[in-house]
Amino acid sequence: MKNPRMLNSLGQASGQSWAFFIVLAVIVQIFSGCGKAQRASIGNGVDSPIAMASHPTLPITYVLNAVLGGEYETGSLQSFSLSAGASPQLLSAQNSPRLGTAIAVAKTGEFLMAGFSGSTPEIQVYLLDKNGAATQSAQEFDRLTLPAGRIGTLQVVRLAGQQDWTVVASSADRSYEAQIFVYQYSPLTGFRKLLSTPGDFYSPSRDSILGAYSLAWGSPVVFESLGILAAFPYGTLGYLGLNPTALDWLSGKAATTNALSDLRTVSTLVVDLNRLISGAVVESSLGYAPIAFNENGKPGNPNADASSSENASYSFRTSYQSAYAIDSSSSYCVPNSPVASLAINTAVVATNGQSVDVIALGGFNAVAAQLRTRLEQGERQPVLGNVLIPQPVSMASQMPELTDIRTLIPQFQLIQSSGLCTLAWLRVEQRRSSLGAEKSRLQIVTAQSAAEQAQVESPLLGLASFSVNGSSILTGSFGTNQLQQFKFDGSKIQAGGLFQ
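Residues numbered from 1 in each chain as written. Predicted model: local features only at pLDDT ≥ 70, side-chain atom pairs only at ≥ 80, totals over all residues. Heavy atoms only, no water.

1. A short note on the state of the cysteines
Covalently bonding the sulfur atom of one cysteine to the sulfur atom of another cysteine gives a disulfide.
Then step 1. Enumeration according to the criterion identifies one disulfide in this entry.
Then step 2. Linked covalently through their sulfurs, C333 and C421 form a disulfide whose S-S length is 1.9 Å. Residues C333 and C421 are joined through a disulfide that is right-handed, its torsion about the S-S bond being 80°. You can see C333 sitting in the loop between strand 20 (320-326) and strand 21 (346-351) and its partner C421 sitting in strand 26 (residues 420-429), a full 88 residues away along the chain. (Disulfide = S-S within 2.5 Å. Helix = DSSP H or I, 4+ residues; strand = E, 2+ residues; numbered from the N terminus.)

Here it is as structure tokens:
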């Protein structure tokens, strides 16, 4: 028997997410294309641009064309300039495998990595010259094969004090099969595996009174200055336990180590990457920080009763769509008003449900400090205390036009313009049987209230991704196979030209 409460935390995401429909379309098109003798070359064309990222110092954005429809023999990696005029300008195009679903650029601008989700998922390294032009590395060790599954996110970071790079990839977004892979990468020797979740630290047991249940985390983020990775709970499968109430936990009435419950199921997974890189075993390199907030995205009140306004809806929270780390030293810019409170060691998450809210979880500097103290004392996989501090960023309830419309926020970015450094994201509608026809809007935090924040609805349908370069935004549509540039002037978003 499965625990309905825990299953419900994730069940809404399975089978309905935008990612599921993309994968389904890929499978159908692959099999319907069998028997074709030859397909055309994609050349400079655009087809299913579902992943993009910007150069850290140059006005260049890279676009992966996944070719979901199977019209072309290959996909492509394109480079666009966003500095000339109101339309993106194509600089170069290089053939790549099809089904490119993730891309990340090293902050030094030396290389980028692209993730391809074919029958054999892999990550490939592309070298970048001084002008930002990309060329696939000829070194065999610059190709990494991953277990089967769609590569959802890809990050390449260099931690403080480390010479090599840390690569974090996730697969099977928002499902029970979600996994996170962590590798150390050297341009001289290639990849070395450090961790995969949850298999490297969790083993189901028939002897447990809580059942032989499985755990899943996703939407990983890295705080480079802290040297930690954080991933967010997607839910459990087969869990027979019952956790204490969030208010009892907040009030100190519930022990964090309890044979009848497992707070890992409602916790952020936190990994000390520096310990892991130095050779510590996985179980001595990670811990957990429970997540709880009320319907307003705020913490509960341990001094009030359960029926109070702060506590009536206060509970542990699972199931997230995406996340973004605002780091004290490595973020693109330092957030200021109206999001100045997000400037220090904060993860911004999008909840997964009918009402998709944007919540900030602050205090990851305290998480890192407490985790290291507990690990140094010899604890393995400790469950931390009440260290994460929630606060609302944008609540869907403040936008009446979203009533009864299920949406998805696939990614976040920071954007800077006219002295303002703030948070931006793409919100995509999810409607039944509407692959490629979903409406989308860009939203930028220019005010505390979601209703007053800068927004613009894209004329393109089926947007899947966006990137930020300075004050320019580039979006990609797999519904119309077009790219569109937007400009942010610090208060409003203006639509620019198209590339198709």
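2. Digging into the sheet that holds strand 10 (residues 151-157)
Then step 1. The four strands are arranged 10-11-12-13 in an open sheet whose pairing can be described as antiparallel. The strands lining the two open edges of the sheet, one partner per strand, are strand 10 and strand 13 (190-197). Adjacent strand axes in the sheet meet at a mean angle of 20° when their direction is disregarded.
Then step 2. Both strand 10 and strand 11 (residues 165-171) contribute to a ladder of six bridges, which runs antiparallel. Of the residues in strand 11, the one forming a bridge with L154 is A169. (Pairing = 2+ DSSP bridges. Axes fitted to C-alpha atoms, helices over the stretch in contact; angles between N-to-C directions.)

3. Some details on the pattern of salt bridges
When the charged atoms of two side chains with opposite charge come close together, those side chains can pair.
Then step 1. Enumeration over the complete set of coordinates arrives at nine salt bridges.
Then step 2. For D489, the salt bridge is made with K492, and the minimal N-O distance between the two is 2.9 Å. (Salt bridge = Lys/Arg side-chain N within 4 Å of Asp/Glu carboxyl O.)

4. A closer look at the sheet that holds strand 20
Then step 1. Spatial strand order, 20-21-22-23: four strands in an open sheet with antiparallel pairing. Here the strands that pair on one side only, and so sit at the sheet edges, are strand 20 and strand 23 (389-394). Here the strands of the sheet are splayed against their neighbours by 25° on average, with no regard to which way each runs.
Then step 2. Here five bridges tie strand 22 (residues 358-362) to strand 23, and the two strands are oriented antiparallel to one another. Across the sheet, the residue bridging to I359 is P392, located in strand 23.

5. Some words on the confidence of the model for the chain
Then step 1. On average, the chain scores 89 in pLDDT, and the residues at 70 or more come to 91%.
Then step 2. Scored below 50 in pLDDT, residues 1-21 shows 54 contacts in the model against residues more than four places distant or in partner chains.
Then step 3. Here residues 23-28 is modelled with pLDDT under 50, and outside its nearest four sequence neighbours on either side it reaches five contacts, counting other chains as well. (pLDDT = per-residue confidence, 0-100. Contact = heavy atoms within 4.5 Å.)

6. Some remarks on the pairing of strand 14 (residues 214-223)
Then step 1. With nine of 10 residues buried, strand 14 lies mostly within the body of the structure.
Then step 2. Pairing of strand 14 with strand 15 (residues 228-237) involves eight bridges; the strand directions are antiparallel. Within the sheet, the bridge partner assigned to A216 lies in strand 15 and is G235.
Then step 3. The antiparallel pairing of strand 14 with strand 15 creates a hairpin that spans four residues between the two strands, and G227 there sits at a positive phi of about 70°. (Buried < 20%, exposed > 50% of the residue type's maximum accessible area, 1.4 Å probe, protein only.)

7. Section: the side chain of Q78
Then step 1. By the element assignment, Q78 lies in strand 3 (residues 75-81).
Then step 2. Look at Q78 and you get buried, because its relative accessible area is 0%.
Then step 3. Among the polar contacts listed, one links the side chain of Q78 to the backbone oxygen of N44, at a separation of 3.2 Å.
Then step 4. Ignoring sequence-local partners within four residues, the contact set of Q78 consists of N44, G45, V46, T61, Y62, V63, N65, L90, S92 and A93. (Polar contact = N/O pair within 3.5 Å; in protein donor to acceptor, adjacent residues only side chain to side chain.)

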